[in-house]
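# Structural description and commentary
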Amino acid sequence: MENQTAEVLVLGAGPGGYTAAFRAADLGKQVVLVDSGEALGGVCLNVGCIPSKALLHAAKVIAETREMSENGVSFGPPAIDLDRLRAWKDGVVGRLTGGLATLARQRKVSVIRGYGRFTSPNQLRVELAEGGEVLVGFGQAIIAAGSEAATLPFIPVSDPRVIDSTGALELGEVPRRLLVVGGGIIGLEMATVYHELGAQITVVELLDQLIPGVDRDVVAPLAKRVSRQYEKVFLRTSVAGVEPRPEGLVVSFDGAKAPATDTFDRILVAVGRRPNGALIDAERAGIDVDPAGFIPVNKQLRTNVPHIFAIGDVVGQPMLAHKAMHEAKVAAEVIAGKNSYFDVRAIPSVAYTDPEVAWAGVTENEAKAAGVAYGKGVFPWAASGRSLTLGRSEGMTKVLFDEATGRIIGCGIVGPSAGDLISEAVLAIEMGADAADIGLTIHPHPTLSETVAMAAEAFEGTITDLYLPRRP
Amino acid sequence: MATATEVSVPDLGDFADVPVIEIHVAPGDVVNNEDPLVTLESDKATMDIPSPGAGTVRELRIKVGDLVSRGSPILLLDTEGAAVEPPPLTDQQEPPVLDEGDLAAAEEPARRSAAAAETHAAVGGPPVTAVDSGPPADFDGVHASPGVRRLARELDLDLTTLSGTGPKGRITKDDVVGAVRGPADGAAATAPAAAAGAGIPEVPAQDFSKFGPVEVRPLTRIQRLSGPALHRSWLNVPHVTHDDEADITDLDAYRRELDTAAKAEGYRVTLLAFLMKASVSALREFPKFNSSLTPEKDALIYKGYYHLGVAVDTPEGLVVPVIRDVDRKGITELSRELGATSARVREGKLDPADLQGACFTISSLGGIGGTSFTPIVNAPEVAILGVVRSKMAPVWDGSAFVPRLMLPLSLSYDHRVIDGALAARFVRYLCQLLEDIRRLVL
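All of the points below concern the structure found in this document.

Quick notes on the rules
- Residues numbered from 1 in each chain as written.
- Chains lettered and ligands numbered in written order.
- Predicted model: local features only at pLDDT ≥ 70, side-chain atom pairs only at ≥ 80, totals over all residues.
- Helix = DSSP H or I, 4+ residues; strand = E, 2+ residues; numbered from the N terminus.
- Buried ≥ 20, exposed ≤ 12 C-beta atoms within 10 Å, placed from the backbone.
- Contact = placed C-beta atoms within 7 Å.
- Axes fitted to C-alpha atoms, helices over the stretch in contact; angles between N-to-C directions.
- Parallel < 35°, antiparallel > 145°, perpendicular 65-115°, else oblique.
- Left-handed = near helix turned anticlockwise from the far one by under 90°.
- Nonpolar A, V, L, I, M, F, W, Y, C, P; charged D, E, K, R; others polar.

With that out of the way, let us pick up the environment of N304 of chain A. Residue and element names in this part refer to chain A. The topology assignment puts N304 in the loop between β15 (273-275) and β16 (308-310). Assessed through the 14 C-beta atoms surrounding it within 10 Å, N304 is described here as partly exposed. Separated by 16 residues in the primary sequence, N304 and D288 have C-alpha atoms spaced 6.6 Å apart. If we ignore the near neighbours within four places in the chain, the residues touching N304 are I287 and D288.

So, in structure tokens, the structure goes:
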């Protein structure tokens with residue numbers, strides 16, 4: 001391959017990278033997209049969001065058929081063909097990544113497969129996946145190098161029985177006993193899958209609740225369900241060491257309720273993700289990278305080097321594909337001379353667990369910590385006809401409002417499909433809607449989406465589906 | 001090593017197919033960065049296209065008279081080093097979004113264009129030193145939807161300085177557009193606009209302060225009221241104006257006699273009183289001129305009264321008081337009433353009733369000058385008579401040229417109601433009345 005030049009170079013083809021490349025191309029730029037993966041799409045499409053959702057769907061089917069037996073519809077125990085399940089999952093991924101390749105071709109975005117590192121402020125050296133290397137000179141660049149699963153020094157990653165999310169999604173086998181280190185979104189999603197596939201799950205979390213950062217009452221229904229389903233859930237507990245033995249991985253714990261040691265067939269390490277800012281020789285381009293590996297940017301996603309931008313996981317939390325995609329458009333538009341700006345009011349987060357947990361905007365914890373005068377409307381799904389007909393009653397929708405203006409400032413939802421319900425709250429936050437706007441908007445009945453309006457009515461005091469003591 | 005760069009027309013805003021009116025350089029000329037290369041002329045402005053960098057003109061790609069748009073090639077420039085992208089025009093509609101730092105960035109090789117020939121030279125290009133423009137203001141706490149926030153970014157407008165007119169103080173798209181257009185246009189937007197909803201394109205806003213000092217003065221109350229009414233008439237009535245001349249030599253002599261007598265009694269006798277009497281006679285003879293279209297526009301309403309509007313120029317603007325029952329009043333009485341009404345107009349003491357009920361209007365500029373003009377029909381009236389200054393002219397009487405005092409008349413009429421032949425007859429009849437004083441008095 002000959003050396004290349006690009007008006008705009010995009011490093012990384014995850015959701016942020018491909019969005020940036022496509023947007024820049026659509027704005028008339030000549031774009032070169034560099035990525036080391038076998039297929040476009042980055043972690044999200046290949047070993048993240050998408051394959052995990054395929055497996056979570058399988059888990060949901062298993063759970064629902066089992067639970068329905070109590071209500072008069074019984075199935076036999078599931079016969080799980082891991083190879084076919086894996087092939088289906090890979091097929092979904094392949095279809096999406098193939099679609100991306102087509103989208104790139106249609107836009108004449110040239111794709112280089114290989115690992116890129118900066119050599120100067122205007123040049124990238126790419127170690128080609130096919131062998132050899134190529135230099136890419138560029139006018140402007142967007143770094144979308146993403147993140148990788150964090151590791152723990154005392155857990156031997158060399159042992160094949162120790163896996164990260166990527167390994168878990170490969171679905172090699174279903175262990176008898178699985179230890180999930182980390183009670184965040186990724187760990188709990190994988191726990192959901194492996195639990196339904198038959199593994200006995202133990203979750204260990206360093207902090208005092210699952211999915212730290214979300215309000216405790218929002219996580220509570222999930223915590224209650226998994227503590228019943230899983231073998232053990234240890235909070236305020238850390239893993240002190242792992243000793244690989246032929247019969248299993250002997251794990252020593254440090255926590256009040258955990259045993260001193262226990263033996264597991266596999267360990268899934270899901271203790272967060274580490275940005276890849278330090279892995280691309282950014283310093284040769286003069287780009288600042290902080291000690292954690294993040295690349296600082298301003299709200300136009302510009303790094304300290306004005307013609308180089310960075311987006312997505314590599315610029316900071318939350319490490320979410322949808323955040324990266326929006327940042328991508330801003331960066332591409334700024335490069336194309338538009339005065340775009342990343343000033344969103346809320347970035348939703350979703351755990352696709354069972355039940356799902358979703359939140360956006362200010363949490364109650366944050367509001368308290370910041371001294372914000374807020375009010376809240378809570379609607380328990382036990383009063384939702386739609387939820388009950390799904391065989392579920394533990395969900396809850398909580399919406400937070402500015403006490404003075406009644407304007408929505410945040411929302412937390414737990415229950416089936418919470419991830420789909422949160423969008424309404426995000427739109428309401430962006431539009432500056434207040435409780436009356438949401439409550440007076442007719443929601444179809446019976447749906448789970450009604451619960452957002454009901455929560456707003458509960459705040460307003462106009463709800464009739466619950467009896468709440470009169471507000472003073 | 002010198003490389004040739006094609007310089008093309010940068011983003012011109014909304015302009016396209018703009019003619020080249022001047023070329024300032026010829027092949028072999030040495031130009032510096034920002035030197036004007038060519039001048040383009042749109043219907044709104046002339047614009048110099050500056051050189052995007054220093055170099056020597058190798059070849060022209062356009063000639064005077066060519067129509068160009070964004071991206072049209074202008075010339076080939078031999079430059080030292082890398083190709084450059086054109087900097088933005090200095091005469092752009094949009095507010096500038098580039099500052100000096102960005103211009104520096106535009107000139108350095110980082111922004112080489114795809115057309116640049118020396119692609120391989122770019123590999124390992126020199127380090128760049130462009131300056132960050134600095135982030136614009138945060139919109140924290142601003143009540144505006146994402147789309148409005150983006151528009152504000154595009155227009156370089158700080159939303160924190162704006163107060164919204166939407167529900168609960170929400171900043172709307174209109175607020176943003178209004179803020180960018182400036183206070184003059186903002187005020188106009190709130191006035192009742194005749195064109196609103198008519199699908200007529202608005203005249204684009206202009207920032208005149210770019211061209212020199214300006215001052216904004218609000219329209220007078222009369223102008224704010226009369227403007228939309230005139231606009232409404234202009235848009236609704238298919239206008240035709242018919243011109244003729246009346247020989248008023250004898251009439252004027254008679255008028256002077258009366259005026260001399262009147263002066264002693266403290267009023268004046270002007271031509272206007274005669275025009276009013278003549279008009280009423282013409283309206284009687286041609287009743288269509290004393291009609292209005294029904295709202296359904298399928299019938300004419302004929303009026304059995306003769307109230308005439310008289311356009312009066314005041315320092316505050318145009319006012320049209322109505323003199324009632326002109327058919328029942330003589331020249332003397334009309335002259336007295338005109339004098340009194342004019343005084344009340346000047347003192348601003350007119351009642352709304354004084355401005356209502358006209359059948360036909362006369363607009364006289366005779367005291368000022370002119371040869372003809374196109375008065376706007378005061379709908380729902382169907383015609384208006386304009387007169388300008390009379391002048392002495394040689395008129396052939398069959399054997400010789402004789403000096404006669406000629407009065408130009410301009411009748412504008414609603415062509416939906418009146419056709420050209422009828423208008424010509426009406427005006428001719430009017431002229432004959434004015435020419436033959438006896439017929440007028442009868």
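Residue and element names in this part refer to chain A. Following both chains from N to C, one finds helix α3 (residues 49-68) and helix α4 (residues 82-106) inclined at 140°, their axes separated by 9 Å at the closest point. Here α3 is positioned oblique relative to α4, judged by the angle of their axes. As α3 runs across α4, the sense of the crossing is right-handed. When α3 is examined against α4, the residues I50, P51, A54, L55 and A58 are found in contact with a partner set consisting of L85, W88, K89, V92, V93 and L96. Grouping the amino acids of the contact of α3 with α4 by side-chain chemistry returns ten nonpolar, no polar and one charged.

Cis geometry marks the peptide bond from D354 of chain A to P355 of chain A, where omega comes out at 0°. Omega for the bond connecting H445 of chain A with P446 of chain A falls within 30 degrees of zero, at -5°, which places this linkage in the cis form. Even without being a glycine, I211 of chain A presents a positive backbone phi close to 45°. Here I211 of chain A is to be found in the loop between β9 (200-204) and α7 (216-229). Here the phi dihedral of K168 of chain B falls at roughly 55°; this positive angle occurs in a residue that is not glycine. If you trace the backbone, K168 of chain B turns up in the loop between α3 (146-154) and α4 (173-181). You can call K168 of chain B partly exposed: it has 13 C-beta atoms within 10 Å.

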